[in-house]
Amino acid sequence: MLFFKPLVGIVIILALAMTQGCVVARGTIGEPLQEEAISSIKKGTTTMAEVVSLIGAPDRIVRGNDRDIFHYYYYDGKSKGMLLLLLNFIRMDLKSDNLYVFFNRNGIAEELVYGKRTDRTQFRVWPFGD
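An account of the accompanying structure is given in this report. From a predicted model like this one, the values you see are computed outputs, not experimental measurements.

1. Examining the environment of Lys-43
With respect to the secondary-structure elements, Lys-43 resides in the loop between helix 2 (35–39) and helix 3 (48–55). For Lys-43, a relative accessible area of 51% corresponds to the exposed category. Between the C-alpha atoms of Lys-43 and Phe-103, which are 60 residues apart in sequence, the distance is 9.2 Å. A polar atom in the side chain of Lys-43 sits 3.1 Å from the side chain of Glu-111.

2. Some thoughts on the nonpolar core
Counting residues in hydrophobic clusters, the biggest one holds 10 residues: Leu-33, Ile-38, Ile-41, Val-51, Phe-70, Tyr-72, Leu-99, Val-101, Phe-103 and Ala-109. Secondary-structure elements contributing two or more residues to this core are strand 3 (67–83) and strand 4 (88–103). If we skip the residues at most four places from it in the chain, Val-101 touches Ile-41, Val-51, Asp-68, Ile-69, Phe-70, Ala-109, Glu-111 and Leu-112.

3. Overview of the pairing of strand 4
Examined bridge by bridge, strand 3 and strand 4 share 16 bridges and lie antiparallel to one another. Counterpart to Gly-77 in the pairing with strand 4 is Leu-94. Two successive antiparallel strands, strand 4 and strand 5 (residues 109–116), enclose a turn made up of five residues, where Gly-107 displays a positive phi of approximately 80 degrees.

Thresholds applied
- Residues numbered from 1 in each chain as written.
- Predicted model: local features only at pLDDT ≥ 70, side-chain atom pairs only at ≥ 80, totals over all residues.
- Heavy atoms only, no water.
- Helix = DSSP H or I, 4+ residues; strand = E, 2+ residues; numbered from the N terminus.
- Buried < 20%, exposed > 50% of the residue type's maximum accessible area, 1.4 Å probe, protein only.
- Polar contact = N/O pair within 3.5 Å; in protein donor to acceptor, adjacent residues only side chain to side chain.
- Core = buried A, V, L, I, M, F, W, Y, C linked by side-chain atoms within 4.5 Å.
- Contact = heavy atoms within 4.5 Å.
- Pairing = 2+ DSSP bridges.

Any link to function would need more than the numbers given here.
Below is the structure:
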């Protein structure tokens, strides 16, 4: 009986050590925005139908102040972490590109706002700060 007590302890420690690990997950939402299609949208002349034919259907349509706003987006995210028995360390990095096309009451593009942040953000592996 004296032999089995240390053996049980060693088995428990090995089982706990094997339940630890690292995880990496990556996902995207939306389609990458094509800059040549965005640059062909002209304020004051491009219609809603032309924007849809150039870029595709918007990811979201917002109605405000009797105007329609087409919102196109692309999100790229990566999550990595260290999974321990009692304590987990996880970091999530998210990059986004957003395009807003504002239309007047006649359905003509009035304003265009494009933010491309995907190239300026770097994914980091270490879950603790920079």
